[in-house]
Amino acid sequence: MRQPVLLTLCLLGATALSGCQGTRDANAQRALKAVNVVDESNLSDIMLTVGDPNEAVAYFLKSSTENPDRIDLKRGLAKSLIRANKPSEAIAVYTAIIATPQGTSEDRVGLADAQVRTSNWPAAEATLNTVPPTFETFERYRLEAMVADSKKDWKKADSFYDIAAGLTTKPSGVYNNWGFSKLSRGDSAGAEKLFLEALTYDPSSFTAKNNLILARAAQRKYDLPVIDMTQTERAQLYYTLGLAAVKQGDTSVGRELLQQAVDTSPTYFEAAERSLKALSG
């Protein structure tokens, strides 16, 4: 009698141990999966910020193909395509995302950004019109301003640029775009102020410096402003100023500025030399 009882107890004990082992294995698998998700999230963040754009595209394309239900991976693919300068492909991915119940206002703004990059202004405007007015982000208003610019709706453009500048701690790019908008309208003085504003937030932006020179040249201000610049930048800015002067008919002033570009440049300035020879010829 004792042997069957002992055997039964042993079997029960073995079953209990097996059940505990199974529970531990399941818990371990869940823990490992959680760790993998965290690691994958970190990798995705790296790919979207500092990773090589084309490597990021390959990573998200492979990951989203293997996990077709993961909308976050599709978003990563769309964003990495933008970084890789492939907006047309990004449009297709964003369109697919928006067609799902998981599509968000941020995805629609992402689609509008891709459409702007392909100069499809009517499509970008239509996409932005589907974004609720309560969704107020820097990116949304930056794009709204650019779309208004494309339609030459200056009042709206100014309003949207102003709102966008207030929604970011790094508004240099907004002020630069706004300044270029003013310059294209013929408001050179207004453009000059905005380019200077851009440089207060990013003194290293050569684009803003060059645009500032164009705005000043349009007012026939042919001296360099007091801004931070390297010797190479100074030569390039003299060159821009010289070409602008020649274009406006101030040939002798332009010749002097081109000569200053040649004299200032720390290395041989072929383009400036060529322009000087063309004026002399």
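See the structure shown above.
All values derive from a computational prediction rather than experimental measurement.

1. Brief notes about the environment of Ala235
Looking at the element boundaries, Ala235 is found in helix 12 (residues 231-247). Apart from residues no more than four positions distant in its own chain, Ala235 is found in contact with Ala261, Thr264, Ser265 and Phe269.

2. Quick notes on helix 9 (residues 172-185)
Taking 1.5 Å as the rise per residue, helix 9 with 14 residues should run 20 Å; its terminal C-alpha atoms sit 20 Å apart, in good agreement. Buried residues of helix 9: Ser172, Val174, Tyr175, Asn176, Trp178, Gly179, Ser181, Lys182 and Leu183, and no others. Residues of helix 9 that are buried make contact with helix 7 (138-150), helix 8 (154-166), helix 10 (188-201) and helix 11 (206-218). Following helix 9 by one or two positions, Gly186 has its phi on the positive side, about 95°.

3. Topic: the pattern of salt bridges
Taken as a whole and assessed by the stated rule, the structure comprises 17 salt bridges. Residue Asp72 is joined to Arg70 by a salt bridge in which the shortest nitrogen-to-oxygen separation is 2.9 Å. Judged by its relative accessible area of 39%, Asp72 falls in the partly exposed class. Counted as one network, the salt bridges with shared partners bring together Asp113, Arg117, Glu139 and Arg142.

4. Some points on the packing of aromatic side chains
Aromatic rings considered in pairs are described by the distance between their centres and by the relative angle of their planes. Counting across every chain of the model gives six aromatic pairs. Their ring planes at 10° and their centres at 6.3 Å tell us that Tyr175 and Trp178 sit as a pair that is stacked. Residue Tyr175 and its partner Trp178 are both found in helix 9; the two are separated by three residues, about one turn of the helix. Each of the two residues, Tyr175 as well as Trp178, counts as buried. Among the aromatic residues, ring-to-ring pairing joins Tyr161, Tyr175, Trp178 and Tyr201 into one connected group. Above the face of the Tyr141 ring, Arg140 is positioned so that its terminal group lies 5.8 Å from the ring centre.

5. Overview of the nonpolar core
Counting residues in hydrophobic clusters, the biggest one holds 49 residues, and the most contacted among them are Leu143, Tyr161, Leu224 and Leu241. Broken down by element, the residue count for this core peaks at seven residues, all from helix 12. Excluding residues within four positions of it along the chain, Tyr161 makes contact with Ala145, Met146, Asp149, Val174, Asn177, Trp178 and Ser181. Counting 19 residues, the second-largest nonpolar core is a separate cluster that includes Met47, Val93, Tyr94 and Leu111.

About the thresholds
Every chain begins its residue count from 1, and numbering advances along the sequence as written. In keeping with the predicted nature of the model, local features appear solely for residues at pLDDT of at least 70, side-chain atom pairs appear and are counted solely at 80 or more, and the whole-chain, interface and lining totals rest on all residues. Only hydrogens and water are set aside when side-chain values are computed; all heavy atoms of the structure are taken into account. Each helix is a run of H or I in the DSSP string that is no shorter than four residues. Each strand is a run of E no shorter than two, and both are numbered from the N terminus. Residues count as neighbours in contact if any of their non-hydrogen atoms are within 4.5 Å of one another. For a helix, the expected span equals 1.5 Å multiplied by the number of residues minus one. Three exposure classes are used, based on accessible area relative to the maximum for each residue type with a 1.4 Å probe and protein chains only: buried under 20%, partly exposed in between, and exposed over 50%. Basic side-chain nitrogens of Lys or Arg form a salt bridge, by our definition, when they fall within 4 Å of a carboxyl oxygen of Asp or Glu. Pairing of aromatic side chains here covers Phe, Tyr and the six-membered ring of Trp, requires ring centres within 6.5 Å, and sorts the geometry by plane angle: under 30 degrees stacked, over 60 edge-to-face, intermediate tilted. We count a charge as sitting over a ring when the NZ of a lysine or the CZ of an arginine lies within 6 Å of the ring centre and within 35 degrees of the ring normal. Here, the term nonpolar core denotes a set of buried Ala, Val, Leu, Ile, Met, Phe, Trp, Tyr and Cys residues that are joined through side-chain atoms within 4.5 Å.

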